[in-house]
Amino acid sequence: MALYQTEAVVLGSKNWGEADKVMTLFTRECGLVRAAAFGCRRPRSPLAGAMQMFSHLDVQLAEGRRLETVRQASLIEHYRRLSEDLTAMAYGSFVMEFLREFLPEGQPEPRMLDQLLLILKAFETRNPRVTALAGVYQLMEFTGMQLHFEHCGHCGRDVKGEAYFSLREGGVLCSDCRTEYAEPFPEDLRQLILSLRDLDWQAGGMLRIRSALLVQAESILLQYLQQLLGRPLRSLEFIQQLS
């Protein structure tokens, strides 16, 4: 079996057999990869510490027909808050589930991985709910399924001021192109979503967000993801339990 070395983030895992796991990894060279980590649930396994969700790894994989095999793994970065703070863990799990559902297997997305690493680091110091919301809006931009908020989905004109919104139409519409499914879309809500989507994690300062607007921006995203998947994300149950 051919071996290769790659940088990866652990998106999730499932127990397999008595001591093994099937890992879901977001790798730099191959995108989403599923790999068997044999024996990693044994306390003395050299893989035990690295095979945890959110871990940023340098990993050696062996190619396989159905699954790759994890041969070696070393931690590049451990995100303490995501492993110790239940609220951060819940919202981080939402981001990881989004990636597991929408990343195509075997397709490299290095810029998307770089963005994910900035988001994971942001969880260490920022509000988890806002970080998760902004993070998924940002990551959607790499999928080709993103909602549009700057230009009318019909005529393509820049939207300013009064606008309408429809999930069926994939985003905002100007007043001239409004359809029967579109609802009024406040300018302050549109600007908030754009500020979340364009948030520079490396810049200082925090966003000041009115709670009512945050709930609306969150509702739009969750409704859209449910529309795409045909069901709500399972990580939302974890978040609701903490509310």
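This is a predicted model, so every value here is computed, not measured.

1. Comments concerning the overall build of the protein chain
- When helices and strands are tallied, the protein chain shows 7 helices and 8 strands.
- Against the compact-globule benchmark of 18 Å for 243 residues, the protein chain has a radius of gyration of 20 Å, which places it among compact chains.
- Overall size of the protein chain, expressed as C-alpha extent along the three principal axes, is 65 × 35 × 30 Å.
- Looking at the protein chain as a whole, 49% of its 243 residues qualify as buried.
- Summarising the internal contacts of the protein chain: among those between residues at least 6 apart in sequence, 57% fall at separations of at least 24.
- Split by element, the accessible area of the protein chain, about 12600 Å² in all, is 46% carbon and sulfur.

2. Quick word on helix α5 (residues 187-197)
- Here α5 has its buried residues at Leu189, Arg190, Leu192, Ile193, Leu194, Leu196 and Arg197.
- Buried residues belonging to α5 abut α4 (128-140), β7 (171-173), β8 (183-185) and α6 (211-229).

3. Some thoughts on the nonpolar core
- Membership of the largest hydrophobic core comes to 64 residues, with the highest contact counts inside it found for Leu11, Phe94, Leu99, Leu116, Phe149 and Leu225.
- Per-element accounting of this core gives the leading share, 9 residues, to helix α2 (residues 86-102).
- Excluding its chain neighbours within four sequence positions, the residues that come into contact with Leu11 are Thr24, Phe26, Leu32, Met53, Met96, Leu99, Arg100, Leu103 and Leu116.

4. Here we look at the pattern of salt bridges
- Applying the stated rule across the entire model yields 13 salt bridges.
- One salt bridge connects Glu84 with Arg80, and the closest N-O pair in it is separated by 3.1 Å. Of this pair, Glu84 and Arg80 are both found in helix α1 (residues 80-84), 4 residues apart, which corresponds to roughly one turn of the helix.
- Since its relative accessible area comes to 45%, Arg80 is described here as partly exposed.
- The closest approach of N and O atoms between Arg197 and Glu150, which form a salt bridge, is 3.4 Å.

5. Observations regarding the confidence of the model for the protein chain
- Taken residue by residue, the protein chain gives an average pLDDT of 94. The fraction at 70 or more is 100%.
- Mean pLDDT in the protein chain bottoms out at helix α7 (residues 235-242), which sits at 91, and peaks at helix α3 (residues 110-122), which reaches 98.

6. Looking at the packing of α2 against α6
- In contact at an axis separation of 12 Å, α2 and α6 are set at 35 degrees when each is read in the N-to-C sense. For the element pair α2 and α6, the recorded crossing hand is left-handed. In this structure, α2 contributes Tyr91, Phe94, Phe98, Glu101 and Phe102 to the contact, and α6 contributes Glu218, Leu221, Leu222, Leu225, Leu228 and Leu229.
- Residue composition of the contact of α2 with α6, by class: 9 nonpolar, no polar and 2 charged.

7. A word on the sheet that holds strand β5 (residues 68-77)
- Reading around the circumference, β1-β2-β3-β5-β4 is the order of the 5 strands in this closed barrel, with mixed pairing throughout. Looking at each pair of strands side by side, their axes are set apart by 50 degrees on average, direction ignored.
- In the sheet, strand β1 (residues 3-16) pairs with strand β4 (residues 56-62) via 7 bridges, with the strands oriented antiparallel. By the bridge assignment, Leu3 is partnered in β4 with Ala62.

8. Quick word on the pairing of strand β6 (residues 163-166)
- The side-chain alternation of β6 yields two buried faces, one formed by Ala163 and Phe165 and the other by Tyr164 and Ser166.
- Bridge count between β6 and β8: 3 bridges; the pairing is antiparallel. Within β8, the position partnered with Phe165 by the bridge is Glu183.
- With 3 bridges joining them, β6 and β7 adopt antiparallel strand pairing. From the neighbouring strand, Ser166 faces β7, where its bridge partner is Gly171.
- Between β6 and β7, which follow one another and run antiparallel, lie 4 residues, and Gly170 among them has a positive phi close to 80 degrees.

9. Section: the side chain of Ser45
- Mapped onto the secondary structure, Ser45 falls in the loop between β3 (31-37) and β4.
- Apart from the residues lying within four places of it in its own chain, the contact partners of Ser45 are Gly39 and Cys40.

10. Section: the packing of aromatic side chains
- Using the criterion set out here, one finds 6 aromatic pairs in the structure.
- Plain terms: the ring middles of Tyr137 and Phe149 are 6.2 Å apart, the flat faces sit at 75 degrees to each other, and that makes the pair edge-to-face. Placement of Tyr137 in helix α4 and of Phe149 in the loop between α4 and β6 is noted, with a sequence separation of 12 residues between them.
- With a relative accessible area of 2%, Phe149 lands in the buried category.
- Between the aromatic rings of Phe165 and Phe185, the centroid separation amounts to 4.9 Å while the plane-to-plane angle is 25 degrees, which identifies the pairing as stacked. Of this pair, Phe165 sits in strand β6 while Phe185 is found in strand β8, placing the two residues 20 residues apart along the sequence. In this structure, Phe165 and Phe185 share a single accessibility class: buried.
- For the cation-ring pair, Arg168 lies above Tyr181, with the distance from its terminal atom to the ring centre recorded as 3.8 Å.

Rules of the game
Residues numbered from 1 in each chain as written. Predicted model: local features only at pLDDT ≥ 70, side-chain atom pairs only at ≥ 80, totals over all residues. Heavy atoms only, no water. Helix = DSSP H or I, 4+ residues; strand = E, 2+ residues; numbered from the N terminus. Rg over C-alpha atoms; globule rule 2.2 N^0.38 Å. Buried < 20%, exposed > 50% of the residue type's maximum accessible area, 1.4 Å probe, protein only. Contact = heavy atoms within 4.5 Å. Areas by Shrake-Rupley, 256 points an atom, 1.4 Å probe, with all protein chains shown as cover. Core = buried A, V, L, I, M, F, W, Y, C linked by side-chain atoms within 4.5 Å. Salt bridge = Lys/Arg side-chain N within 4 Å of Asp/Glu carboxyl O. pLDDT = per-residue confidence, 0-100. Axes fitted to C-alpha atoms, helices over the stretch in contact; angles between N-to-C directions. Left-handed = near helix turned anticlockwise from the far one by under 90°. Nonpolar A, V, L, I, M, F, W, Y, C, P; charged D, E, K, R; others polar. Pairing = 2+ DSSP bridges. Phe/Tyr/Trp six-rings, centres within 6.5 Å; stacked < 30°, edge-to-face > 60°. Lys NZ or Arg CZ within 6 Å of the ring centre and 35° of its normal.

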